[in-house]
Amino acid sequence: MGQRRRTRLGIVAAVFPVVVAAGCGTSGAPTSGGAPVSGSGSAKLPIGDSKAPMPSPGTCKVGKRDGQPLPDHGCTPGAVNPDVTQSNIKRTICKVGWTKTVRPPSSKTRVMKAKSASSYSLGRTQGEYDHLVPLELGGAPDDPRNLWVEPGRIPNPKDAVEHKLNDAVCSGLVPLAKAQQAIAVRWVTAFDDTGLRVSGSKVCLRDNPSKCADSRHGGSRDGD
């Protein structure tokens, strides 16, 4: 009986380290540049609410990836416009000029920008008051969780990413929700995270390079 018990304990001891190792690989989402790595979860983005609170002064930090600034995901997770859905994109984000109908007035965003800059301790740093999930991808227009002062020149590299993702969504290459999630989580890797490849002015499917999006913008800036 003692021998059988020792044998069973030996089997359990041999298996247990493997179980623990497997568990470590699935616990917690890695982070990079102030935002969780894309693909680490399928949580939906918040629905836009103009009454959402602005983060307190000095509580947010600008992250960085590939030399580009990223918002603090705890302060600026992104939020979406409930009036934009996959079924109505042709009447909303894929319609040229539509973003102008939902863009909040500068009189409102000017005040919000100053408070947001204070949240990130940016002072008078030059930068665009950026919709993390852009209006042209159905981002919430005036929710503080979807707006932050993106340091740097204007226009900035994120604008081109927004336009190409809009082209991809409107051409049926990528679902709207997937594009929204990718740009909210970490915009600098949004093409990779949505299975896209950009060559010159073309954006195509990485696994099917012959399937490309139609360009709607032609370098214009009807977005953010």
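Residues numbered from 1 in each chain as written. Predicted model: local features only at pLDDT ≥ 70, side-chain atom pairs only at ≥ 80, totals over all residues. Heavy atoms only, no water.

Engineer: Outline the packing of aromatic side chains, supporting the account with residue identities and numerical values.
Structural biologist: Summed over the entire model, instances satisfying the criterion amount to one aromatic pair. Judged by centre distance (5.7 Å) and plane angle (50°), the rings of Tyr 120 and Trp 148 are tilted. Taken together, the residues span a long stretch of sequence, with Tyr 120 in the loop between helix H2 (106-119) and strand S5 (127-131) and Trp 148 in strand S6 (residues 147-151) at a distance of 28 residues. For the residue pair Tyr 120 and Trp 148, the accessibility class agrees, reading buried in each case. (Phe/Tyr/Trp six-rings, centres within 6.5 Å; stacked < 30°, edge-to-face > 60°. Helix = DSSP H or I, 4+ residues; strand = E, 2+ residues; numbered from the N terminus. Buried < 20%, exposed > 50% of the residue type's maximum accessible area, 1.4 Å probe, protein only.)

Engineer: How would you summarise the sheet that holds strand S7 (residues 196-199) if you had to cite specific residues and measurements?
Structural biologist: Sheet strands associate in pairs through backbone hydrogen bonding, adopting either a parallel or an antiparallel arrangement. One open sheet holds the three strands; their spatial order is S7-S8-S9, and the pairing between them is antiparallel. A strand with exactly one partner marks an edge of an open sheet, and here the two such strands are S7 and strand S9 (208-212). Between one strand and the next, the sheet's axes are offset by a mean angle of 45°, whatever the strand orientation. Pairing between strand S8 (residues 202-205) and S9: two bridges, direction antiparallel. The residue bridging Leu 205 from the neighbouring strand is Asn 208, located in S9. (Pairing = 2+ DSSP bridges. Axes fitted to C-alpha atoms, helices over the stretch in contact; angles between N-to-C directions.)

Engineer: Provide a residue-level description of the state of the cysteines, including the pertinent values.
Structural biologist: Evaluation of the coordinates by the stated rule reveals three disulfides. Across the disulfide from Cys 94 sits Cys 170; the S-S distance is 2.0 Å. Its S-S torsion of approximately -95° makes the covalent link between Cys 94 and Cys 170 left-handed. Of this pair, Cys 94 sits in the loop between strand S4 (68-70) and H2 while Cys 170 is found in helix H3 (residues 157-170), placing the two residues 76 residues apart along the sequence. Classification of Cys 170 by relative accessible area gives buried; the value is 10%. Paired by a disulfide, Cys 204 and Cys 212 hold their sulfur atoms 2.0 Å apart. One disulfide, between Cys 204 and Cys 212, carries an S-S torsion of 95° and so falls in the right-handed class. Given the relative accessible area of 25%, Cys 212 is considered partly exposed. With cysteine numbering restricted to those in disulfides and following the sequence, the chain has the pairing 1-2, 3-4, 5-6. (Disulfide = S-S within 2.5 Å.)

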